[in-house]
Amino acid sequence: MEQQAIEQHVVRFWDEQILPALIEFIRIPNESPGFDAEWEAHGHMQRAVELVTAWIERQAVPGLTLQVFKDGTRTPLILAEVPGTLPEVVLMYGHIDKQPPMVGWREDLGPWKPVLEGDKLYGRGGADDGYAVFAAIATVKALKALGQPHATLRILIECSEESGSADLPHYLQAYGDRIGEPSLVVCLDSGCGDYERLWSTTSLRGLVGCTLTVELLREGIHSGLGGGIVPNPLQVLRLLLDRLEDPATGRLKPAALHVEVPAQRIAQARKAAQVLGGSVVGSFPLLEGARPLADDTTQLLLNGTWEPALAAIAQEGWPELGKGGNVLLPGLSLRLSVRIPPTLEPAAASAALREVLEADPPFGARVSASAGGEPGWNAPPLADWLEAATDAASREFYGKEACSFGIGGSIPFMHMIGQRFPAAQFLITGVLGPNANAHGPNEFLHVPYAKRLTCCLVRVLAAHHARFAR
Ligand SMILES: [Zn+2]
């Protein structure tokens, strides 16, 4: 296949077929079930599934079969299959459920309002991860159009990823045999360090959620009468959080929350730091004068991918600003979100959190910490053929060498699939680059990046075929 032929085909397909569909997709508020308990009654997920499946059928890919599973009250699962000329299987993965809208969108933008502006398509769920199913089909279409043989392709699209892939284990259990034994898994739900090369993800952190509750009084009391005599719950919370996190550095203190970082991952972080330099910090919307947690870029990349990190994401107990009386509150609760290293068991991390937070409560307060979470993922060693194929594709379509790094977020699918197919090779990639802001306001898809990524996928699937056709 000629480079130019791939580019022409892919770019035209994106412009004529994908962008109009993706624009319609962004309009659908199909929030993941974790954010919309009434998702089934609202019908948005069903509409999103119908939009995607009708679009796939319109593409009339030769030999493609399409199935939508919908078991009981679970979210649906889409599985498309395109038979190939080899018994080998490539599994491609994405999801269509979305994060909630969030506040803070630019005035003329909004979560369910698609806006194409220059290179960017704004709106919720375009980059995370609506583009994936369209890019996967675009890849197949290009292979077919250019007469390139390929292995059997199975495209799996789920609808509960943003809720920790709650429904995926059931479907893998019930219908896993239809996936077969993939020798290559392509996950399209990850990130890129910049928009200038093909990025692949070598690790993902796990995630533990913890609700920390502190109770001190039977009821709130006049702060003028009680202040200085009885402790306030924030004091207790501060003491407890200080056990967990060094407030000056952000480092989590319990040794049980850390792992030894593999030497190969340190080397990758060094290389990524060289490529990215100041853009690692620059890609975050820090206010002028606000500083990151460290100066060294390699250290920051490792902190963000292999070290645990704490965020307090919600509270209960405080009135809203402007509604607070001068009261010593009886108690407070915080929801803590703790990212954990890729190879750390979430059960061990949860136990460590509980132990640290519940031991010896300050002032005899009642303290409870309930925690649970999901595992991260560390890629198996990369096969030579895949390393060569990704690098060649990156040079061909981006003009720069490929690069790999860890991602600080979680993709539950990767752990499930990694355990199920330990012999598979993985290309974990995606379009969540600088400022793409998945989960936050002003999420956008970098359209030229996604087009080039699709071109790279065409090459990688051709290389996969060549590897196994021998
Ligand atoms: Zn996603």
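Look above for the structure.
Residues numbered from 1 in each chain as written. Predicted model: local features only at pLDDT ≥ 70, side-chain atom pairs only at ≥ 80, totals over all residues. Heavy atoms only, no water.

**Student:** Give me the lowdown on the packing of helix α7 (residues 233-244) against helix α11 (residues 346-358), citing residues and values where you can.
**Tutor:** Two elements in contact, α7 and α11, have axes separated by 9 Å at closest approach and are oriented at 135°. For the element pair α7 / α11, the angle class is oblique. The crossing of α7 and α11 is right-handed. Across from L240, R243 and L244 in α7, the residues of α11 making contact are L353, V356 and L357. Of the residues that constitute the contact of α7 with α11, the class distribution is five nonpolar, no polar and one charged. (Axes fitted to C-alpha atoms, helices over the stretch in contact; angles between N-to-C directions. Helix = DSSP H or I, 4+ residues; strand = E, 2+ residues; numbered from the N terminus. Parallel < 35°, antiparallel > 145°, perpendicular 65-115°, else oblique. Left-handed = near helix turned anticlockwise from the far one by under 90°. Contact = heavy atoms within 4.5 Å. Nonpolar A, V, L, I, M, F, W, Y, C, P; charged D, E, K, R; others polar.)

**Student:** I'd like a rundown of the coordination of the zinc ion, residues and numbers included.
**Tutor:** Under perfect tetrahedral coordination by four donors, a metal shows angles of 109.5 degrees; under perfect octahedral coordination by six donors, it shows angles of 90 or 180 degrees. Looking at the zinc ion, the protein donor atoms are H95 (NE2), D128 (OD), D189 (OD) and D189 (OD), and they sit 1.8 to 2.7 Å from it. Linear spacing of the donor residues for the zinc ion on their chain is H-x32-D-x60-D. Of this pair, H95 sits in strand β3 (residues 86-95) while D189 sits in the loop between β7 (184-187) and β8 (199-204), placing them 94 residues apart in sequence. Take H95: its relative accessible area is 0%, and that puts it in the buried class. Judged by relative accessible area, which is 7%, D189 ranks as buried. (Donors = N, O, S within 2.8 Å, 3.2 Å for Na, K, Ca; no water. Buried < 20%, exposed > 50% of the residue type's maximum accessible area, 1.4 Å probe, protein only.)

**Student:** Outline the nonpolar core, supporting the account with residue identities and numerical values.
**Tutor:** In terms of nonpolar packing, the biggest core is built from 113 residues, with W14, I96, Y131, M414 and L445 touching the most fellow members. The greatest single-element share of this core, amounting to 12 residues, is contributed by helix α4 (residues 126-145). Discounting chain neighbours no more than four positions away, the residues touching L445 are W14, L22, D119, K120, L121, G126, A127, Y131, V431 and A450. (Core = buried A, V, L, I, M, F, W, Y, C linked by side-chain atoms within 4.5 Å.)

**Student:** Got a sec to walk through the packing of aromatic side chains? Specific residues and values, please.
**Tutor:** Under the criterion given, the structure shown has 12 aromatic pairs. When the ring of W55 is compared with that of F134, the centres are 4.7 Å apart and the planes differ by 80°; the resulting orientation is edge-to-face. A residue pair is termed long-range when its members are at least 10 positions apart, and W55 in helix α3 (residues 44-58) and F134 in helix α4 qualify at 79 residues. With relative accessibility at 1%, the residue W55 sits in the buried group. Taking 5.1 Å as the distance between ring centres and 40° as the angle between the ring planes, the aromatic pair formed by Y398 and Y449 counts as tilted. With Y398 in helix α12 (residues 384-398) and Y449 in helix α14 (residues 447-469), this pair connects stretches of sequence that are 51 residues apart. Residue classification places Y449 among the buried residues on the basis of a relative accessible area of 0%. (Phe/Tyr/Trp six-rings, centres within 6.5 Å; stacked < 30°, edge-to-face > 60°.)

**Student:** Go over the state of the cysteines, please, and point to the residues and values.
**Tutor:** The tally for this structure, following the rule as stated, stands at zero disulfides. Among the cysteines around C456, which has no disulfide bond, C455 carries the closest sulfur, lying 6.9 Å off. A relative accessible area of 1% means that C456 is categorised as buried. (Disulfide = S-S within 2.5 Å.)

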